Amino acid sequence: VFGSSTGTCENIANTIAEKLGVEAINVADFSADTVANHDNLILGTSTWGAGELQDDWYDGVNVLKGADLSGKTVALFGCGDSESYSDTFCSAMKEIYDAAEGANIIGSVPTEGYTFDDSDAVVDGEFIGLALDDVNEDDLTEGRIDAWLSSIKGSL
């Protein structure tokens, strides 16, 4: 499930979905039925402004908060700009993380190899999900996706 304004997060969601053999769903089409019908959810957002969610995700967060997530597995990914927004890099993931309380959240990623100043999406020294800067580090995106998927596949 992705929220994308410029297409970057959508493209990444489609890449992840293709590698897993599943369908990417726009968060605008995300509903309680989506949650109920899936044991595993991979949720992705871009980060805007001072660390805000992509606009369509505000309704998606409400869907998550209203859903029974017990027994569900959730993995997160986020898109950001580590150069222009180094102090809020991929911070929007944290809002989805907080809304997914009650789910088994998997897929944290070490911060080593990333260049940024701060992020709300760093908890206990690791990103709470896959952080991607497809603007400035597009050469690292594919490898980061592959490594992350390899680390979470056994839990999905």
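Residues numbered from 1 in each chain as written. Predicted model: local features only at pLDDT ≥ 70, side-chain atom pairs only at ≥ 80, totals over all residues. Heavy atoms only, no water.

**Q** Could you give an account of the overall build of the protein chain, with specific residues and numbers?
**A** The number of helices and strands found in the protein chain is 5 helices and 9 strands. When the elements of the protein chain are put in sequence order from the N terminus, they spell out β-α-α-β-β-α-β-α-β-β-β-β-β-α. In terms of overall size, the protein chain behaves like a compact globule, its C-alpha atoms giving a radius of gyration of 14 Å where 156 residues would be expected to give roughly 15 Å. For the C-alpha atoms alone, the extent of the protein chain along its principal axes is close to 40 × 30 × 30 Å. When each of the 156 residues of the protein chain is scored for burial, the buried share is 49%. Considering only residue pairs separated by 6 or more positions, the protein chain has 72% of its internal contacts joining residues 24 or more positions apart. Surface exposure of the protein chain reaches about 7,400 Å², of which carbon and sulfur atoms provide 41%. (Helix = DSSP H or I, 4+ residues; strand = E, 2+ residues; numbered from the N terminus. Rg over C-alpha atoms; globule rule 2.2 N^0.38 Å. Buried < 20%, exposed > 50% of the residue type's maximum accessible area, 1.4 Å probe, protein only. Contact = heavy atoms within 4.5 Å. Areas by Shrake-Rupley, 256 points an atom, 1.4 Å probe, with all protein chains shown as cover.)

**Q** Go over the environment of S46, please, and point to the residues and values.
**A** Of note, S46 is situated in strand β2 (residues 40-48). S46 gets classed as buried once you look at its relative accessible area, which sits at 9%. Measuring from C-alpha to C-alpha, the distance between S46 and S91 comes to 8.9 Å, with 45 residues separating the pair along the chain. Setting aside residues up to four positions removed in sequence, S46 forms contacts with G3, C9, E52, L53, Q54, C79 and A92. Side chain to side chain, S46 and W48 meet in a polar contact 2.9 Å long. (Polar contact = N/O pair within 3.5 Å; in protein donor to acceptor, adjacent residues only side chain to side chain.)

**Q** With reference to specific residues and values, describe the packing of aromatic side chains.
**A** Centre-to-centre distance and the angle between the planes together describe a pair of aromatic rings. Using the criterion set out here, one finds 6 aromatic pairs in the structure. Note on F89 and Y114: the rings are 6.2 Å apart at their centroids and 45° apart in plane angle, and the pair reads as tilted. Taken as a pair, F89 in the loop between β4 (73-79) and α4 (93-99) and Y114 in the loop between β6 (109-110) and β7 (122-123) lie far apart in primary sequence, 25 residues in all. Each of the two residues, F89 as well as Y114, counts as buried. Aromatic pair F89 and F116: ring centres 5.8 Å apart, planes at 40°, arrangement tilted. Of the two residues, F89 is situated in the loop between β4 and α4 and F116 in the loop between β6 and β7; the sequence distance between them amounts to 27 residues. By relative accessible area, F89 is classed as buried at 1%. (Phe/Tyr/Trp six-rings, centres within 6.5 Å; stacked < 30°, edge-to-face > 60°.)

**Q** Report on the pairing of β4, specifying residues and quantitative values.
**A** With respect to burial, β4 is a largely interior element, 7 of its 7 residues being buried. With burial as the criterion, each face of β4 is covered, one bearing T73, A75, F77 and C79 and the other bearing V74, L76 and G78. Judged from the 7 bridges that link them, β2 and β4 form a sheet pairing that is parallel. Residue L43 lies in a different strand from β4, and its bridge partner there is L76. (Pairing = 2+ DSSP bridges.)

**Q** Any details on the sheet that holds β7? Residues and values, ideally.
**A** On the basis of which strands lie adjacent, the open sheet formed by 3 strands has the order β6-β8-β7 and antiparallel pairing. In this open sheet, the two strands that pair with only one neighbour each are β6 and β7. In the sheet, β6 pairs with strand β8 (residues 126-127) via 2 bridges, with the strands oriented antiparallel. Paired with V109 across the strands is F127, a residue of β8.

**Q** Go over the pairing of β2, please, and point to the residues and values.
**A** Taken residue by residue, a regular strand's side chains alternate between the two faces of the sheet. Extensive coverage of β2 is indicated by the burial of 7 of its 9 residues. Pairing of strand β1 (residues 2-3) with β2 involves 2 bridges; the strand directions are parallel. When the bridges of β2 are listed, G3 appears paired with T45. Looking at chain direction, β2 and strand β3 (residues 52-53) are connected through 2 bridges and run antiparallel. For T47, the partnering residue across the bridge sits in β3 and is L53.

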